Amino acid sequence: MLGNQYFIARRYADALNELEKAVQKNPSLKSARKKLIICYLQTSQLNNAVNEFYKLVDEDVELILNTDPIRDDCPCPDIIHKMDQEITGYHNDDEIIKLGILWLYCEIEKSLKYFEKVSPQSEYYNLVDRIIIKLQQALKTLN
Amino acid sequence: MIHKYSRYILDSLAEGVYVVDKEFKILFINKAAEQLLGKPRKGFIGAVCTTFCRSEICDYACPISKILLTGQNVIDLETVYTTPKGESIPVKINASLLLDDDLTPIGGIVSFRDDRANKSLEKLIKSDSHFHGIIGKSPVMKEIFKTIEEISDSDASVLITGETGVGKELIANAIQETSQRVDKPFVKINCAVLPENLLASELFGHVKGAFTDAVKDRKGRFEVADGGTIFLDEIGEMPLNMQIQLLRILQEGTFERIGESTTYKVNVRVIAATNKNLEEAIKQKKFREDLFYRLNVIPITVPPLRERESDILLLTEFFIEKYSHKYKKSMKEIDPDALEVILNYDWPGNVRELENAVEYSFIRAKTTDSLCLCCLPPHIRPVKKCSEKLNSRQIEIDERAEELLTLLRKNHWNKSKVAKILGVDRSTVYRRLKSINSK
């Protein structure tokens, strides 16, 4: 419960500790895992973020797609906005993956666009490829 | 999620209540919370609580996370909630966790109440027109505040004089609060309410058997106040016999309990107050001159309210705030007609009478947005009626009457002087006065 509050307060490192403990105790806590992905991204743990993100997309992509940025007080739009301001011009693969993950909380089409930009040189290319397939399937269902 | 009857109960509360789940998403909002924050509750069910309350403490001192960390419920936490219009509402919050049968937290419940009335009173109390519970910004009151500060190091006796209701006891409180004896006993006694024999026993104490009802030894107020301060209200009513004993205490600090020969010594600072003219009482042999000079080391004269017009409005506003809170009526302004009456009335009962008049108005007020003329006590609004539709002739008559009364007040009811100012005979002034009185 404390992890959820830290997440609302944007205290990602504190939230990560609490949410990890909660998920370890009960791996079925999908809403906690959904927040954990953002905590990983915000504490520079891209590897953990991508893996957890893939698992959740595979299990229940709708949980992420149903995020309401306002009612859920989702931090993703703010993080994306900040990244857009800080990084002008070219994004590297890690940044593109981060944006792809974050955009899925807001808009699936934009998320797909970013994931499709990931170059084959990225260490996450194969995982991203599988994510793209899952998202394309989800998009079809939505349409 | 919330049982029907629980919902009815929660909706009947005057305090705002909302309930959140483990993810801090709102499960329930009661009617009062909806009304206090001006946010339709339907739109917020399922939303994260920060979207509903928008408080500065959400990020760093969330009351529910505080309980999770400390195990202690949150009581009267002060914060500010924001309405959709951007208005900041000071609130006091209580919070506790929702626990399941295994005592595992499954959410939290927050109740809050509007604290605007308290905040505005606090603001006034902290302002420079407020001195230890005394309201006043007139030069004469500021001078009294200055005197009280200046004598804070002194143990000398103080004699406070002034008409009834001017706040002599508040002055005594302020003297004690600013003195070095602030942490020592502060004993108050009204010399007018007890007969002479009881007053002696009350002030100096008695031993068992000293008189019929003296079933055990009893300390007097001077003994209780040892090291501190005693406030002798209505000192002008003290019998002459008692005055001798009081003089001895002031001179030597010694006394004997009734029925005992042992002499006690105490160190008590004396603050006395009276609405009597003690110099006149001395002439009439009703008050001892030597006692007067012993008491009158630091004289403080509190002027009547009618002599400090600038305080009338300030005090009226203060009492409106006070009673808005007490009677839960948000009376924000004073009707111009009512204000005129309030400012021009003589207030023979001074601040006490003004406070009573404001409270009376609150009790009578039908509308809650302003204090109107018809709500004022009848004896202070003898001329006009609130809803009266006056014709131009009547207005002219009333204006002339008002002008006459104002001039008379300003000139201490000297009718010859007022007649001269108006350029009329004294008899005309009398005639006009008679006509006002007949209405």
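These numbers come from a predicted model, not from an experiment.

### Regarding the environment of Asp60 of chain A
All names here are of chain A. By the element assignment, Asp60 lies in helix 4 (residues 46-65). Assessed through its relative accessible area of 22%, Asp60 is described here as partly exposed. Along the sequence, Asp60 and Lys30 sit 30 residues apart, while their C-alpha atoms lie 8.4 Å from each other. A distance of 3.5 Å separates polar atoms of two side chains, one belonging to Asp60 and the other to Lys30.

### Side note on the sheet that holds strand 4 (residues 88-99) of chain B
All names here are of chain B. Ordered in space as 2-1-5-4-3, the five strands form an open sheet in which the pairing is antiparallel. This sheet does not close on itself; its edge strands, each paired only once, are strand 2 (26-29) and strand 3 (74-82). Neighbouring strand axes in the sheet, compared pairwise and without regard to direction, differ in orientation by 30° on average. In the sheet, strand 3 pairs with strand 4 via seven bridges, with the strands oriented antiparallel. Bridge assignment links Val74 to a residue of strand 4, and that residue is Ala95.

### Comments concerning the side chain of Arg308 of chain B
Residue and element names in this part refer to chain B. Positionally, Arg308 belongs in the loop between strand 16 (298-301) and helix 13 (309-327). We classify Arg308 as buried; its relative accessible area is 2%. A distance of 3.2 Å separates the side chain of Arg308 from the backbone oxygen of Pro303, its partner in a polar contact. Aside from chain neighbours lying at most four places away, what touches Arg308 is Ile135, Ser138, Val140, Met141, Val166, Val302, Pro303 and Val351.

### Let's talk about unusual backbone geometry
Despite not being glycine, Ser44 of chain A shows a phi value in the positive range, around 60°. The topology assignment puts Ser44 of chain A in the loop between helix 3 (30-42) and helix 4. Here the phi dihedral of Phe24 of chain B falls at roughly 65°; this positive angle occurs in a residue that is not glycine. Residue placement: Phe24 of chain B occurs in the loop between strand 1 (16-21) and strand 2. Since its relative accessible area comes to 1%, Phe24 of chain B is described here as buried.

### Concerning the nonpolar core
Ranked by internal contacts, the top residues of the largest apolar core, which has 51 residues, are Phe53, Ile97, Ile101, Leu104 and Phe115 of chain A. Going through the elements one at a time, helix 1 (2-8), helix 2 (12-25), helix 3, helix 4, helix 5 (76-86), helix 6 (93-104), helix 7 (108-117) and helix 8 (125-142) of chain A are the ones with two or more residues in this core. With 10 residues, helix 4 of chain A is the largest single contributor of residues to this core. Apart from residues no more than four positions distant in its own chain, Leu104 of chain A is found in contact with Phe53, Val57, Val61, Ile64, Leu65, Ser111 and Leu135 of chain A. Counting residues in each nonpolar core, the second largest holds 31 residues, with Met238, Ile249, Val266 and Phe292 of chain B among its members.

### Here we look at the interface of chain A and chain B
Across the contact, 14 residues belong to chain A and 24 residues belong to chain B. Interface area for chain A against chain B, summed over the two sides, is near 1,500 Å², with a carbon-plus-sulfur share of 59%. Looking only at chain A, the three residues that lose the most surface to chain B are Met1, Gln5 and Arg71 of chain A, adding up to 47% of its buried area. In this structure, the connection of chain A to chain B is made through two salt bridges. Ionic pairing is found between Glu23 of chain B and Lys35 of chain A, a salt bridge with its closest N-O pair at 2.9 Å. At the junction of chain A and chain B, the tally comes to nine residue pairs in polar contact (both at pLDDT 80 or more). Of all the secondary-structure elements, those providing two or more residues to the side of chain A that touches chain B are helix 1 and helix 3 of chain A. Looking at the side of chain A that touches chain B element by element, the count peaks at five residues for helix 1 of chain A.

### Quick notes on the sheet that holds strand 9 (residues 186-190) of chain B
Residues and elements named next belong to chain B. Pairing is parallel in the open sheet, where five strands are placed in the order 9-12-15-8-16. At either end of the open sheet lies a strand with only one pairing partner, and these are strand 9 and strand 16. Direction aside, neighbouring strands of the sheet carry axes that sit 15° apart on average. Bridging between strand 9 and strand 12 (residues 229-233) involves five bridges; their strand directions are parallel.

### Observations concerning the domain arrangement of chain B
Reports often express the size of an interface as the amount of accessible area lost when the parts come together. Along its sequence, chain B is organised into domain 1 (4-114), domain 2 (139-301) and domain 3 (392-438). For domain 1 of chain B versus domain 3 of chain B, the separation of C-alpha centres amounts to 62 Å.

### Comments concerning helix 14 (residues 336-344) of chain B
Since there are 3.6 residues in each turn of an α-helix, residues three or four apart along the chain are aligned in direction. All names here are of chain B. Within helix 14 the residues assigned to the buried category are Ala338, Val341 and Ile342. Within helix 14, the buried residues cover an arc of 100° as seen down the axis, which keeps them to one side. The elements touched by buried residues of helix 14 are helix 13, strand 17 (333-334), helix 15 (350-364) and strand 18 (370-371).

### Focus on the pattern of salt bridges
It is possible for side chains bearing opposite charge to pair when their charged atoms get close. All chains considered together, the criterion is met by 27 salt bridges over all chains. Between Arg181 of chain B and Asp155 of chain B there is a salt bridge whose closest N-O contact spans 3.0 Å. In this pair, Arg181 of chain B is assigned in the loop between helix 7 (168-178) and strand 9 and Asp155 of chain B in the loop between helix 6 (139-150) and strand 8 (158-161), connecting sequence segments 26 residues apart. Classification of Arg181 of chain B as buried rests on a relative accessible area of 7%. Looking at Asp155 of chain B, the relative accessible area reads 43%, which means it is partly exposed. Measuring nitrogen to oxygen at the nearest pair gives 3.6 Å for the salt bridge that ties Glu202 of chain B to Arg218 of chain B. Remark: Arg218 of chain B occurs in strand 11 (residues 218-219) and Glu202 of chain B occurs in helix 8 (residues 196-204); sequence separation between them is 16 residues. Residue classification places Glu202 of chain B among the buried residues on the basis of a relative accessible area of 13%. Accessibility expressed as a relative area gives 35% for Arg218 of chain B, which makes it partly exposed. A network of salt bridges, in which partner residues are shared, links Arg33, Glu52, Lys55 and Glu59 of chain A.

Basis of the calculations
- Residues numbered from 1 in each chain as written.
- Chains lettered and ligands numbered in written order.
- Predicted model: local features only at pLDDT ≥ 70, side-chain atom pairs only at ≥ 80, totals over all residues.
- Heavy atoms only, no water.
- Helix = DSSP H or I, 4+ residues; strand = E, 2+ residues; numbered from the N terminus.
- Buried < 20%, exposed > 50% of the residue type's maximum accessible area, 1.4 Å probe, protein only.
- Polar contact = N/O pair within 3.5 Å; in protein donor to acceptor, adjacent residues only side chain to side chain.
- Pairing = 2+ DSSP bridges.
- Axes fitted to C-alpha atoms, helices over the stretch in contact; angles between N-to-C directions.
- Contact = heavy atoms within 4.5 Å.
- Core = buried A, V, L, I, M, F, W, Y, C linked by side-chain atoms within 4.5 Å.
- Buried area = accessible area lost by both parts, 1.4 Å probe.
- Salt bridge = Lys/Arg side-chain N within 4 Å of Asp/Glu carboxyl O.
- Domains from an automatic or database assignment.
- Arc of directions from axis to C-beta.

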